[in-house]
Amino acid sequence: MAAPPGDDAAGAGLRMLPAGRVTAPALRGLSRFADTRGVPAGREFLLDYDVIEAFCVAGLAGRPPGTRGTYRSALYRLAEAAGGPAGQRATPFAGARAPAPYWPAERAELAAVAAAQRGPAKRSSALAVIVFGIGAGLRPGELVALRGGDVFRHGRQVMVRVSGPSARAVPVTSGYAGRAWELARRAGSDFVFRPGPAGAVL
């Protein structure tokens, strides 16, 4: 029988991890979810707390709360063993300004590259990485879990409601606010990054 989508790419990063009645299916689901969302297959990426939380929120959206909680606990134990407790990671304060890792000309070039992607889904996803990554400082796991309804206005300020262990509301910088609002409205209740069904994860 052929391996499920994502198993070949992500399996190498998971083979050395302990398996169990809950852990094994949780890891399979996580690896498939990560593969459909473009997360690299390395263990350090798969066991990132934000990626795990995105999987539990978005990837297991149709599963009972008890199942999501059980999977979250099992995956958090693996993440803690691999990289330490979640609370030891640096977490930006709520409302903190997003960092500016690129010069204006570089940001303009990135936006142009994103806008040149073929097909509306690819363009939207590429723009979402720039708009919400640079403009709001979202981490990869937070970005893949972002839905259109998580973007809202507080007065004139466009905000992003982030869920998970680092739950907070963050502002989108003015240069990206208009595009952020446009991408969110276009996504509606769906995911902003790679909008549309991601396929089964289990």
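Residues numbered from 1 in each chain as written. Predicted model: local features only at pLDDT ≥ 70, side-chain atom pairs only at ≥ 80, totals over all residues. Heavy atoms only, no water.

Digging into the pairing of strand 1 (residues 151–154)
Thought 1: Relative to strand 2 (residues 157–162), strand 1 runs antiparallel, the two sharing four bridges. Bridge assignment links Phe152 to a residue of strand 2, and that residue is Met159.
Thought 2: Here strand 1 hands over to strand 2 after two residues, with Gly155 in that stretch at a positive phi of 70°. (Pairing = 2+ DSSP bridges. Helix = DSSP H or I, 4+ residues; strand = E, 2+ residues; numbered from the N terminus.)

Here we look at the confidence of the model for the protein chain
Thought 1: Model confidence for the protein chain is summarised by a mean pLDDT of 74, while 71% of its residues fall at 70 or above.
Thought 2: Taken element by element, the protein chain is modelled with least confidence in helix 1 (residues 7–14), mean pLDDT 42, and with most confidence in strand 1, mean pLDDT 94.
Thought 3: Under a pLDDT of 50 for its full length, residues 88–100 has, in the predicted model, 23 contacts with residues more than four places off or in other chains.
Thought 4: Predicted confidence for residues 195–202 stays below pLDDT 50, and this span has 21 contacts to residues more than four positions away or in other chains. (pLDDT = per-residue confidence, 0-100. Contact = heavy atoms within 4.5 Å.)

Observations concerning the packing of aromatic side chains
Thought 1: Per the counting criterion, the structure on display carries one aromatic pair.
Thought 2: Lying over the aromatic face of Trp181, Arg153 brings its terminal NZ or CZ to 4.3 Å of the ring centre. (Phe/Tyr/Trp six-rings, centres within 6.5 Å; stacked < 30°, edge-to-face > 60°. Lys NZ or Arg CZ within 6 Å of the ring centre and 35° of its normal.)

Some remarks on the pattern of salt bridges
Thought 1: Applying the stated criterion across every chain, the model contains five salt bridges.
Thought 2: The shortest N-O distance in the salt bridge between Arg179 and Glu182 comes to 3.6 Å. Pair noted here: Arg179 and Glu182 are both in helix 9 (residues 174–187), with a separation of three residues, about one helical turn.
Thought 3: Residue Arg186 is joined to Glu182 by a salt bridge in which the shortest nitrogen-to-oxygen separation is 2.4 Å. Residue Arg186 and its partner Glu182 are located together in helix 9, separated by four residues, close to a single helical turn.
Thought 4: Overall, Arg186 belongs to the exposed group, its relative accessible area being 52%.
Thought 5: Through salt bridges with shared partners, one network takes in Arg139, Glu142 and Arg168. (Salt bridge = Lys/Arg side-chain N within 4 Å of Asp/Glu carboxyl O. Buried < 20%, exposed > 50% of the residue type's maximum accessible area, 1.4 Å probe, protein only.)

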